[in-house]
Each structure stands twice: as structure tokens, then as C-alpha cells.
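# Structural overview for review
Residues per chain, in single letters:
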Amino acid sequence: MTAKNIRSSAWLVLLVVVCVEAGNFNITSRINEVLRNDSSMMFYVKCFLDQGPCSAVAQLFKRLIPEFMSTNCVKCSLNMKKLVCQMLFKMQEEKFTDLWGDFLVKYDPEEKYRNQLSTLMDSCPDESETDD
């Protein structure tokens, strides 16, 4: 990788972080839109499974999945934990069942995190709970 590419990558990462921190990159509202639209949900899940293209938000979420799985979302804010839970529950709906199985195989092939995932889903925040 050339120095120019490294600088470009660093600026891109910095820009994404600044946008997320500034609230200009509103992942919460985008994920909520996806959860309400089955074709958008399918787009995201296929992105997560490397079976289709990824939008910037889907790619960001995809990069975080291994951490969510391995840490039980311990570093997640309350709002992020809600989003993770909503995505996981949505992927388990009947219309996404095959993709849910593929998701588990991809992100937990050795079944090391199934209990943690179950615990995470059992402890999902209530809709009334918010970050303070």
C-alpha cells in the first residue's frame, strides 16, 4: 500500500468517525428503516454473508458483527444493543430462516458464541430504555 493510499484510508476512517460522532451518519434511523422493509433487510443480510453488495451503513455494521458475537455486545451503548437485538430477532423470522443459519455458520462456525448470543438476546433492552 502506498503512502498516498494509507493517507486516503486514514482520512476516510477519520471522516466516518467524525460523522458518526457528530450524528450526521445516523445509523439508528437507517437500521430502523431496514427493519421495517424486508427487501432492505435481505440486502443487509446478504451483505453480512458476502452474498451481495454492501452500503456504507451495512459495511459498518458488518465490521462490528464479530465483536458483537465475541463480546456479547459489552461495549455497545444501550441504543446500539437495541439495534443489534432487533437485527438478530428480525433475521430469525421465518422468511430469513435459511439466512439466519448461514449467518451463524459464518460468524460462529465453531459454535463458541451461541450461549452468549442467546444471553444477549434474552437481555435485550426494553424499547423504553434509552442512553442517558
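Residues numbered from 1 in each chain as written. Predicted model: local features only at pLDDT ≥ 70, side-chain atom pairs only at ≥ 80, totals over all residues. Heavy atoms only, no water.

Moving on, we come to helix α4 (residues 56-71). With 16 residues, α4 should reach 22 Å at 1.5 Å per residue; the first-to-last C-alpha distance of 23 Å fits that figure. Helix geometry: α4 is bent most strongly at Leu64, by close to 35°, with proline Pro66 lying one to four residues after it. Every buried residue belonging to α4 is among Val57, Ala58, Leu60, Phe61, Lys62, Ile65, Phe68 and Met69, and all of these are buried. Asn72 sits one or two positions beyond α4 and adopts a positive phi of about 60°. (Helix = DSSP H or I, 4+ residues; strand = E, 2+ residues; numbered from the N terminus. Expected span 1.5 Å × (residues − 1). Bend = angle between axes of the 7 residues up to and from the residue. Buried < 20%, exposed > 50% of the residue type's maximum accessible area, 1.4 Å probe, protein only.)

Overall, the coordinates contain six aromatic pairs when judged by the stated rule. Residues Phe61 and Phe68 carry aromatic rings whose centres are separated by 5.7 Å and whose planes lie at 65° to one another, so their mutual orientation is edge-to-face. Geometry around Tyr107 places Lys106 over its ring, the cationic atom sitting 5.4 Å from the centre. (Phe/Tyr/Trp six-rings, centres within 6.5 Å; stacked < 30°, edge-to-face > 60°. Lys NZ or Arg CZ within 6 Å of the ring centre and 35° of its normal.)

What follows covers the state of the cysteines. Enumeration over the complete set of coordinates arrives at three disulfides. Through a disulfide, Cys73 is tied to Cys76; the S-S separation comes to 1.8 Å. Looking down the S-S bond of the Cys73 and Cys76 bridge, the torsion is -90°, so its handedness is left-handed. Residue Cys76 is classed as buried on the basis of its relative accessible area, which comes to 17%. Here Cys85 engages in a disulfide with Cys124; their sulfurs sit 2.0 Å apart. The disulfide joining Cys85 to Cys124 has a torsion of about -95° about its S-S bond and is therefore left-handed. Of this pair, Cys85 sits in helix α5 (residues 78-91) while Cys124 sits in the segment after α7 (114-122), and the two are 39 residues apart along the sequence. (Disulfide = S-S within 2.5 Å.)

Moving on, we get to helix α6 (residues 97-107). Among the residues of α6, those classed as buried are Leu99, Trp100, Phe103, Leu104 and Tyr107. Viewed along the axis of α6, the buried residues span an arc of 145°, placing them on a single side of the element. The outward face of α6, more than 90 degrees from its buried face, is lined by the exposed residues Asp98 and Val105. Of the surrounding elements, those touching the buried residues of α6 are α3 (38-48), α4, α5 and α7. (Arc of directions from axis to C-beta. Contact = heavy atoms within 4.5 Å.)

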